[in-house]
Amino acid sequence: MIPAAFDYVRASSAAEAIQLIGQYGDEAKFLAGGHSLVPAMKLRLAQPTVLVDIGRVSDLSYIRDGGDHIAIGALTRHMDVEKSPVLAEHVPLLAHAAGHVGDPQVRHRGTIGGSLAHADPASDLPATTLALGATYVAEGPNGTREIAAADFYQGYFTSALAPDEMLTEIRVPKMGGAGWSFQKFNRRAQDWAIVGVAAWQRGSECGVGLVNMASTPVLASSVATAVAGGASAADAAEAAAADADPQGDLNASVEYRVHLAKVLTRRALEAAAS
Amino acid sequence: MEITVTINGKSHTADVEPRTLLVQFIREQVGLTGTNIGCDTSSCGACSVHVDGEAAKSCTLLAVQADGCSITTIEGMAAADGTLHPMQQAFMENHGLQCGYCTPGMVMAATSLLAENPNPTEEEVRIGLEGNLCRCTGYHNIVQSVLACAKS
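In this text, all values refer to a predicted model and were calculated from it rather than measured experimentally. For every chain, the first residue of its written sequence is number 1, and the numbers climb from 1 along that sequence. A letter from A marks each chain and a number from 1 marks each ligand, given out in the order of writing. Since the coordinates come from a predicted model, pLDDT governs what is reported: local features require at least 70, and pairs of side-chain atoms require 80 or more to be given and counted, while whole-chain, interface and lining totals use all residues. Hydrogen atoms and water are omitted, and side-chain values are computed over all heavy atoms in the structure.

**Student:** Which residues make up the pattern of salt bridges, and what values do they have?
**Tutor:** Residues and elements named next belong to chain A. Here a salt bridge means any side-chain nitrogen of Lys or Arg lying within 4 Å of a carboxyl oxygen belonging to Asp or Glu. Under the criterion given, the structure shown has 20 salt bridges over all chains. Between Lys-184 and Asp-124 there is a salt bridge; the shortest N-O distance is 2.8 Å. Taken together, the residues span a long stretch of sequence, with Lys-184 in strand S11 (residues 179-185) and Asp-124 in helix H8 (residues 124-131) at a distance of 60 residues. The same class applies to Lys-184 as to Asp-124, namely buried. Put simply, DSSP marks the helices as runs of H or I at least four residues long and the strands as runs of E at least two long, and each gets a number from the N terminus on. Buried, partly exposed and exposed residues are distinguished by accessible area as a fraction of the type maximum, computed with a 1.4 Å probe on protein chains only: under 20%, between the cut-offs, and over 50%, respectively.

Pasting the structure below:
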């Protein structure tokens, strides 16, 4: 399968990329690692007329200690997130979840910013960064702005980014030694999750993100409220689907997804608390 | 668009359409057909090559993305005198293939895995090859091949 024809331009900096995307308009798309976009283009699910290749913007690949958070450049590859000693120490849940994206070949090329901007509710990292209370930094023609992960996801493959904005950095609060767990249920290795749960817990405080349980990644606030109120993991997990709106598909019915969300949330909370 | 890609140590400059996939470029323009196309949807790993030393799926990369990169394909693994790469030798000795279709991708993924983790456990090999599908062997002998290569 070959993508439909498109024009290709290469940006050497974020500023140049934003200028180029503004010049070409709505039909242009950024190409980072391309491991979500190129498959979609091959299947003709996406048909941009121009690709602005940002894969060579080398100064957007970094993982830095920002004091109370870790700052990750949007073009940092999944493999570098997975293997980062800084993240292993301060945000181990994110490093671990990054190791569950696709397979090693995909993680060598795909980027965290590309995955988040793609806004696929079935992807692992949107729900994980949501659970962690991350903030995304977007750069556009009028400067930069911060977007809370909780405000970023607006629908299937739809984010708060304007067409001429580029995701440049992800800021993830340090976990401060909180317990955590990432539960991913899929039929085959390398598949997307049928349902996934990313959770951390520190005492009565927790954050739970759900993968593939709505048209956006879901922050399971009802679970956090239950845990804060002293509920057991099993009782709190009963609220796992309260904030979700899952769809049925070939892999799972709505009822099955709800069941999985409860079971995986219970397991995640039990693991995070132990 | 003109690109220059080094494949198995030899530089190739060519004019490609932006939509040309790296695997097409390797097979059709450079003429190296050892890299197979299987699923064509970045699931099966048959098209795995090394891009700057790391395994990648060449059906999911545009040739223009590889401009300036150094690519190794299965043809670049054996020595010039025909001596097999240790991973190829291990696959042969451990019956790590039947039909052979997945084998080039398996060898490229497995060598990339050992470059990152020279002494993997059996479980780490199985997880490390999650991006490569084999429909013949049930994976057992493939995993044994990779473990044997790591030991040798």
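**Student:** Kindly report on the layout of surface pockets, identifying the contributing residues and their values.
**Tutor:** The space that makes up the second largest pocket amounts to roughly 940 Å³. Method remark: on a 1 Å grid restricted to protein atoms, a set of points is classed as a cavity if a 1.4 Å probe fits but cannot get out and as a pocket if it is open with protein on both sides within 12 Å along at least five of seven lines; lining residues have an atom within 4 Å of a point. Lining the second largest pocket we find 40 residues, and of these Arg-107 of chain A together with Arg-126, Ile-127, Gly-128 and Glu-130 of chain B sit closest to its centre. Looking at the lining of the second largest pocket, the elements with two or more residues in it are helix H3 (78-83), helix H5 (92-98), helix H6 (104-109) and S11 of chain A together with helix H3 (103-116) and helix H4 (122-128) of chain B. Looking at which element gives the most residues to the lining of the second largest pocket, the answer is H4 of chain B, with 6 residues. Throughout this entry, Asp, Glu, Lys and Arg are counted as charged residues, while Ala, Val, Leu, Ile, Met, Phe, Trp, Tyr, Cys and Pro are counted as nonpolar. The remaining residues, Gly among them, count as polar. A per-class count over the lining of the second largest pocket returns 14 nonpolar, 14 polar and 12 charged. Each of two domains, domain 2 (58-173) and domain 3 (179-273) of chain A, supplies a minimum of three residues to the lining of the second largest pocket. Grid points are joined across faces, edges and corners, and a volume is the space filled by probe spheres set on the points. The source of the domain bounds is an automatic or database domain assignment.

**Student:** Tell me what's going on with the packing of aromatic side chains, and back it up with residues and numbers.
**Tutor:** Residue and element names in this part refer to chain A. Pairing of aromatic side chains here covers Phe, Tyr and the six-membered ring of Trp, requires ring centres within 6.5 Å, and sorts the geometry by plane angle: under 30 degrees stacked, over 60 edge-to-face, intermediate tilted. Enumeration according to the criterion identifies 4 aromatic pairs over all chains in this entry. With 4.7 Å between their ring centres and 85 degrees between their planes, Tyr-136 and Phe-152 make a pair best called edge-to-face. Placement of the pair is Tyr-136 in strand S6 (residues 135-140) and Phe-152 in helix H9 (residues 149-152), with a sequence separation of 16 residues. Each member of the pair, Tyr-136 together with Phe-152, is buried. Aromatic pair Tyr-136 and Tyr-153: ring centres 6.1 Å apart, planes at 85 degrees, arrangement edge-to-face. On the criterion of sequence distance, the pair formed by Tyr-136 in strand S6 and Tyr-153 in strand S8 (residues 153-155) is long-range, its members being 17 residues apart. This pair shows no difference in class: Tyr-136 is buried, exactly as Tyr-153 is. Put simply, the rings of Tyr-136, Phe-152 and Tyr-153 touch in pairs and so form one group of aromatic residues. We call a charge positioned over a ring when the NZ of a Lys or the CZ of an Arg lies within 6 Å of the ring centre and within 35 degrees of the ring normal. Across the ring face of Tyr-62, the terminal group of Arg-64 is positioned such that the distance to the ring centre comes to 3.7 Å.

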